[in-house]
Each structure stands twice: as C-alpha cells, then as structure tokens.
Amino acid sequence: MDNKILSHQQIKYKINRIAYQIYESNVEAKQIVIAGIEGGGLDFAKKVKAALEKITPAEILLCRVKMDKSDPLKSGITTSLKPEEYLGKSVVLIDDVLNSGSTLIYGVHHFIKTPLKQLKTAVLVNRNHKRYPVKADFKGLSLSTSLNEHVRVDLTSKEYAVFLD
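Residues numbered from 1 in each chain as written. Predicted model: local features only at pLDDT ≥ 70, side-chain atom pairs only at ≥ 80, totals over all residues. Heavy atoms only, no water.

**Description of the overall build of the protein chain**
Selection rule: Labels follow the DSSP assignment, with helices taken as runs of H or I lasting at least four residues and strands as runs of E lasting at least two, numbered in each case from the N terminus. With C-alpha atoms as the basis for the radius of gyration, the globule rule is written as 2.2 Å multiplied by the number of residues raised to the power 0.38. For every residue, the accessible area (1.4 Å probe, protein chains only) is compared with the maximum for its type, and the residue is labelled buried under 20%, exposed over 50%, or partly exposed between those bounds. We call two residues in contact when some of their heavy atoms are within 4.5 Å. Only the protein chains shown count as cover for residues, and all accessible areas are computed by the Shrake-Rupley method using a 1.4 Å probe. For the purpose of counting charges, residues Lys and Arg are taken to be positive, whereas Asp and Glu are taken to be negative. His and the chain ends are not included. In this description, the location of a charge corresponds to atom NZ of lysine, CZ of arginine, CG of aspartate or CD of glutamate.
Looking only at helices and strands, one finds five helices and nine strands in the protein chain. Traced from its N-terminal end to its C-terminal end, the protein chain shows the element sequence β-α-β-α-β-α-β-α-β-α-β-β-β-β. In summary, the protein chain has a C-alpha radius of gyration of 15 Å against a globular reference of 15 Å for 165 residues, a match within 12%. By residue count, 47% of the 165 residues in the protein chain fall in the buried class. For the protein chain, restricting intrachain contacts to residue pairs at least 6 apart in sequence, the fraction spanning at least 24 positions comes to 69%. Of the roughly 8,600 Å² of accessible surface on the protein chain, 51% is carried by carbon and sulfur atoms. The positive charge centre, built from 25 side chains, and the negative charge centre, built from 18, are 2 Å apart in the protein chain.

**Details of helix H2 (residues 40-55)**
The condition that has to hold: A helix is expected to span 1.5 Å for every residue after the first.
Relative to the 22 Å expected for 16 residues at 1.5 Å per residue, H2 spans 23 Å between its end C-alpha atoms, a close match to the ideal helical length. For H2, the set of buried residues is Gly41, Leu42, Phe44, Ala45, Val48, Lys49, Ala51 and Leu52. In the core, the buried residues of H2 are packed alongside helix H1 (8-24), strand E2 (31-37), strand E3 (59-66), strand E5 (90-98) and strand E6 (118-127).

**A few points about the sheet that holds E6**
How we decide: The pairing criterion for strands is at least two bridges between them, as found by DSSP. Axis lines are fitted through C-alpha atoms, for helices just across the contact stretch, and the angle between N-to-C directions can take any value from 0 to 180 degrees.
The strand order across the open sheet built from six strands is E4-E3-E2-E5-E6-E7, with neighbouring strands paired in mixed fashion. Strands at the two margins of the open sheet, each flanked by one partner only, are strand E4 (78-79) and strand E7 (138-143). In this sheet, E4 lies alongside E3 in antiparallel orientation, the contact comprising two bridges. Looking at the pairing, lysine 66 lines up with threonine 78 of E4. Packing of H2 onto the sheet brings it into contact with E2, E3, E5 and E6, and relative to E3 it is tilted by some 180°. The sheet strands contacting helix H5 (residues 102-111) are E2, E3, E4, E5 and E6, and the helix crosses E5 at an angle near 165°.

**Notes on the nonpolar core**
Condition: Nonpolar core, defined: a set of buried Ala, Val, Leu, Ile, Met, Phe, Trp, Tyr and Cys residues in which side-chain atoms within 4.5 Å join the residues together.
Counting residues in each nonpolar core, the largest one holds 30 residues, and the members touching the most others are Ile22 and Ile34. The set of elements that each furnish at least two residues to this core consists of H1, E2, H2, E5, E6, E7, strand E8 (151-154) and strand E9 (161-164). One finds Val33, Leu61, Met67 and Tyr106 within the second-largest nonpolar core, a separate group that totals 20 residues.

**Concerning the pattern of salt bridges**
This is how it is decided: We count a salt bridge whenever a side-chain nitrogen from Lys or Arg sits within 4 Å of a carboxyl oxygen from Asp or Glu.
Scanning the entire structure with this criterion turns up five salt bridges. Aspartate 137 is the partner of lysine 135 in a salt bridge, and the nearest nitrogen-oxygen pair spans 2.6 Å. Under the relative-accessibility criterion, aspartate 137 is labelled partly exposed at 28%. With a closest N to O distance of 2.9 Å, arginine 152 and aspartate 165 form a salt bridge. One end of the pair, arginine 152, is in strand E8; the other, aspartate 165, is in the segment after E9, with 13 residues separating them in the sequence. Among the residues examined, arginine 152 registers a relative accessible area of 29% and is labelled partly exposed. The exposure class assigned to aspartate 165 is partly exposed, which follows from its relative accessible area of 30%.

Below, the structure written as structure tokens:
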C-alpha cells in the first residue's frame, strides 16, 4: 500500500528551503559544487542546483557521483568532476534518502581525500536509524520508520512525491 508522505508542492518547498540553507552557509563562495549520488540523489541535486541558481550569484557546479550502492568498496566511486575541479571549494553531497548512512559515508570518504573549503550533506528524507555515524546537514524531512518500511522518492514524473511503502 502506498502512503504519500510528501506531495509535489511540499517537495518544492523543501528544495527551496534546502537551497537557501546551502546559500546561507556559502554566502561568500564564488563556486559551490553540488554532488548528487547517481539515481534519486542526482535527480534531487539537479533540482537543488536549479533553485540555488535563482538565489545566488555563485557559480553552481553539478557533480555526478557514481557508485554501486550495494558494494561501494568493490566498485569504487567516480565523479564527473576531477578532484582539481572541486579542490578548495564548498561541496554539498546530496542523496534522496538517508537510510543506513552507508552511501553518504562512502561519498564523504571519497571527497575528504581532497582538501575542500567545506563539505556538507543534504537529503530529502532522513530516516532515523543509521548504521554509520553520518548526518545530513540539510534535510527536507526527518522520519522515524521501521526497518521493514521503504521510502520511495519520485522526482522524475510531472508530480513529485515521496511514499512510505
């Protein structure tokens, strides 16, 4: 059974709020790197990037982060930007749902190998049962769920939605 927990309009508000929070923490930055984890995270990152471009004079660079979410150590992590392109810059690592924390922690691990101005994380939905010590600096919704429940984010259709299955 699908239970919609966020509507299209609610998601749009959350995208804009997160964009303002990112801007506030980078108000002096000339460039901000938005690194979206491939899949739902990249879809969410593109929407955050579009919202940021409306409110900041900074150049917003989109970085695709690719990894095998089931085994990131084996597959490795690749990005569409070279480390020199985000060296010394503010980076925001974005995923759609923070579940166990493994995807974000491996993504953070990849980026901290390069000296950055700062590294922050953002998620649309933060589930409150993580296995790893990673937190979302910017989150749209904090949600207490059971391990049996699944959060499904749809940002690709005309009407965005988040469901709890």
